[in-house]
Amino acid sequence: MNWFQQLFARHRLHQDLSDEIREHIEEKTEELIAAGMTREEAAATARREFGNVLLQEERSRDVWRWPALDTVFLEFKHAFRYLRRSPGFTLTVIATLMLAIGVNTAVFTIVDALLLRPLPYPEPNRLASVVTNITGESGSGLSTGQDGETWELVRDHAPSVQAAAYKLTSNGVNLQAGASIRYVHEQRVSAEYFDVLAIHPILGSVFTHEEDLPDGPKAVLLSYELWNSVFNADPEILGKTILLKGEPYTVVGVLPAGTKTTAPADLWTPLRPKTTGEGEGINYALLVRLKDGVSWAQVDTELGRLRPHRFALWIGNRKMKMWLYAMPLQRHLASSGGDAVLILMCAVGFILLIACTNLAGLLLVRVMQRGPEIATRMALGATRATIVRQLMLEPLILAVAGGVAGVILAAASLDSLSKLLSSDVRFIGALSLDSRTLVFTAVATLCATLLIALLPLLELRRTELGFSRTTSGRSVAHSGRRRTRQTLIAAEVALTIVLLAGAGLLIRTLVYLETKPSGFDPQNVMTAQASLNDARYHDAAAFQKLVRESVAAMEKIPGVKSAAMGLTLPQEQALNTGVTLVDLPGKPQYISNEVYVTPEYFSTLQIPVLSGRTFTEGDTAVSQPVCVVSQKFAQRFLNGMEAVGRHLETEGMTYEIVGIVGDVQKPPGLSGGAPLLIEQTFYIPATQTNQGALNMYHVWFQPSWIVRTPGPIGGLTAAMQRALAEADPALPFSGFHQMRDFQNEALDRQRMEVFLLSVLAGLALVLSIIGVYGLVSSLVTQRTREIGIRMALGSTLRRTMFEIGKSGVIAAAAGIVVGLALSAVTARLIEAELYGVRPYDPVTFILSVLLLLTAALIASLAPTVRIARIDPASTLRAE
Amino acid sequence: MKELNQRDLFPGALEMMILQTLKRKPLHGYALAQHIKQTSNDLLQVEEGSLYPALQRMLKQGWVKAEWGLSSTNRRVRIYQLTPAGRKHVQQEVSSFERMLEGITRVLSPVKS
């Protein structure tokens, strides 16, 4: 009989056994009667000779049992029954754990997607990016961009790696497919790129070295998805030409479905790396694969020996060190969100700790209430092991229930969570509950079980038989136990303070960034972008015509107050360029943001003109080149001298400064720092751009058309597209944005951090309040008799309330002190995320402390109200 | 109180006796008890009930199998029968028991001086 049959045959076995034994006794009785005994005598003798029927039956049944399993089963049944008897307690614990484990699981899915899940390439842990480490007096940093010379050095002088170069970000470009034009993403990669990643095309082949030369044949690789949707999976696609950026490109291959490269892209073109032009700046990223048997240290030594010329130029006579090394590709790709996610992981870890501390307190009370029962059972011979097992079972059941509910909660929140993440983080992989996440959750659940069960178990060691049985919870509360609970609550409060202060600092950062003057009015401004990285616009005259006609058409849209066009918008990354102030002694050179604009740009955005004039229709390609500088430009480079009338030289042209306009916010381009800040900027008329520079601009930037309306207008975007079509029917807008979205986008990450940390801090606060309330509340119950005596002896109600409530307040106060000390450390950790507020911001800390203290006071005093209802006489009688 | 001539059986002894008895012919529980009592001349006092846990153990081991049937006195009884595995087992047990008994007897026999 196998175990399965045994399990089901058990009932039958028991029945047979009982029948058999009954028959045995009857047979014996009848034989004894036949031998001459009376029926009574015979029955008694038969039973005596058989022995204890019940015992023998029990022993016989035991043969079929798995004793350990049966005991555990029984204990589970007991624990479940015990939990069902107090549904309030059970639900509270499960709900708390669900929240705590749920947020941990959810955040872990991000950590998993970002840092743990292997990249979708063969041997992903042999892939690396070549990055520059810069160590100077002002600290150290990394730079992932490399120039053309560095690429050649790594390619030719680092024999232990297989190297490739690529553009770190993809560009939006126009693809002409039949009659329509599609806006797609292009990533430029060198010939070696797909070999290094070990991606093999399903059709055709990767780029040849000829195609990767500066003037090589124009080739393109398509993504499987693009091939399917735009080219109907045409099997004859190889060798055909497609019109990309207005130029014919030959399709040389199609990549497998679902291919992910280092940036989101629909098609790939050769990088054609060079050491001039874009190759002079750090516009490339370098990807390497370690060859077999090569160690990371070996690679770093090889890379460290390479000294591109730019190192010497940058270092000059400053005390700086720069060197190249290999950073694992995964770390590089995750670096944008990695730190924030780790901060978040710490925060949710705190939540789990707080929740467990709270529940440990709750369970401790329960165990104390069960003291007499446990003592009785031990007196009746239950072993310590049995009791321990039982005390562990309850938290285990609760934690597993909470863990399962938490996983469900996390799974449900994944969608909204992935929306919160910025797109470059999302790209690396979809969030999902994979086996790693589930293992993490299981471990978290197990830890929770241990944390929750630990205190009651320690308590058990203290349980002395006699003491517990007689005194139960009625007498003066055991001061040792109270102290244990107070310590727990102090710990909770300390962790809460850390979270509250952290959230407070981030909130103040966000408020600072959001309320900082943007320098323009984003309300009621619609923007549209289009890619001019197109052969048809390499000619400046064609570009001028497009700008003139499209802006004029947009001005005619009914309801539009003004329309303009510019290379970049405020709160959008701008072009950096070198300028020379030719009138000043020594002709100083500076770096500044540069934007080309049409005349109505300033009025449409309502950027104030501080002095002089802005551009007019009179500033044309043949008139005197003029420019307008921002206030910061004037202050910084002209030190209060009269700006108007002076001249600046850039890209081989000299412009006369004709006006000064107000500053607008920009994402940091020149200096590191806050996500939005003021940087020096100069504007030139779109009509007076240098032909060569124009083509370069449009490789990197998509210019924006902007219109201001008095209020929201229906169908505005369609009208804008029609207006653009009047100038060029084959040019699609790549996207429309409300001007105010730019600020939201720039502060996306801050907003996400604030949102998540505030939710967590709120959760921690609620848990701490529950903890304090629970402590005082249980003290009131335990000390009813003591309170009765105090009151009978003449203590006032107020004093008694204070005496009892005090323990909660003391615990909270101790927790606050420890929490402040802890926050001093953690505030330093998030310093990099703070703007406009110092890590030791007194306002934040005072507010956090006040908030928590008030909450703790209320939570401590609320339960003592019950004291007023205690009647001294009746409590004393009840004893 | 136990009398001196009554000793507890050593573990496995009851099983061995049952298997040995069943080797001759299949029997039901009561008949088994009677047979063991008579053949041992009442020297071995076995509590009749203790037969049943032993029988269940052997059922579980697969040494015996049981079927409901009718006894010679026309009672509905559960008759136990030795399985091939049980037959093999009893042979091993008996021979090892005999070796043990021989050893004990040698030790207990008077020493020749």
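Only a predicted model underlies this, so the values are computations on that prediction, with no experimental measurement involved.

When helices and strands are counted, chain B shows four helices and three strands. Walking chain B from its N terminus toward its C terminus, one meets helices and strands in the order α-β-α-α-β-β-α. For chain B, the residues scored as buried account for 28% of the 113 residues in total.

Next up on the list: the overall build of chain A. Regarding its fold elements, chain A presents 28 helices and 25 strands. Expressed as a percentage of the 879 residues in chain A, the buried residues total 41%. The contacts in chain A between residues at least 6 apart in sequence include a share of 83% that link residues at least 24 apart.

Each α-helix winds once per 3.6 residues, and so residues spaced three or four apart point in a common direction. All names here are of chain A. Its twelve residues give helix α22 (residues 716-727) an end-to-end C-alpha distance of 17 Å, which sits within 8% of 16 Å, the value for a rise of 1.5 Å per residue. For α22, the complete set of buried residues consists of A719, M720, A723 and L724. Seen along its axis, α22 keeps its buried residues to an arc of 140°; they face one direction. Close packing links the buried residues of α22 with β13 (525-529), α18 (540-555) and β24 (704-708).

Residue and element names in this part refer to chain A. Residues of helix α12 (residues 371-379) that are buried: G371, I374 and A375. All buried residues of α12 lie within an arc of 100° about the axis, which places them on one face of the element. Trailing α12 by a residue or two, G381 shows a phi angle of about 110°, which is positive.

Bringing the interface of chain A and chain B into the picture now. Listed as interface residues are 18 residues of chain A and, on the opposing side, 15 residues of chain B. Put simply, the parts of the chain that give the side of chain A that touches chain B at least two residues each are α1 (3-34), α2 (39-50) and α3 (53-64) of chain A.

With that settled, the discussion passes to the pairing of β24 of chain A. All names here are of chain A. Of all five residues in β24, five are buried, a share of seventy percent or more. Residues S704, I706 and R708 line one face of β24 and the alternating positions W705 and V707 line the opposite face, and both faces are buried. Sheet topology places β13 next to β24; five bridges connect them, and they run antiparallel. Looking at β24, one finds that T527 is bridged to I706. Here strand β14 (residues 562-566) runs beside β24; their pairing, made up of five bridges, is antiparallel.

Residues and elements named next belong to chain A. Even without being glycine, E123 reaches a positive phi, approximately 40°. Position of E123 relative to the elements: it lies in the loop between α5 (87-116) and β1 (127-136). Accessibility expressed as a C-beta count within 10 Å gives 12 for E123, which makes it exposed. You will see that Q571, though not glycine, has its phi angle at about 65°, which is positive. Residue placement: Q571 occurs in the loop between β14 and β15 (575-581). By C-beta crowding, Q571 is classed as buried, having 25 other C-beta atoms within 10 Å.

V220, I351, L760 and A764 of chain A are the most contacted members of the largest nonpolar core, which totals 212 residues. Here L760 of chain A is in contact with V103, A347, V348, I351 and L499 of chain A, once residues within four sequence places are set aside. L17 of chain A together with M17, I18 and L32 of chain B belong to the second largest nonpolar core, which has 24 residues in total.

So, on to the confidence of the model for chain A. In this model, chain A carries a mean pLDDT of 84, and residues with pLDDT of at least 70 account for 92%. Note on residues 464-477 of chain A: pLDDT under 50 across the span, and 25 contacts to partners over four residues away in sequence or across chains.

Calculation rules
- Residues numbered from 1 in each chain as written.
- Chains lettered and ligands numbered in written order.
- Predicted model: local features only at pLDDT ≥ 70, side-chain atom pairs only at ≥ 80, totals over all residues.
- Helix = DSSP H or I, 4+ residues; strand = E, 2+ residues; numbered from the N terminus.
- Buried ≥ 20, exposed ≤ 12 C-beta atoms within 10 Å, placed from the backbone.
- Contact = placed C-beta atoms within 7 Å.
- Expected span 1.5 Å × (residues − 1).
- Arc of directions from axis to C-beta.
- Pairing = 2+ DSSP bridges.
- Core = buried A, V, L, I, M, F, W, Y, C linked by C-beta atoms within 7 Å.
- pLDDT = per-residue confidence, 0-100.

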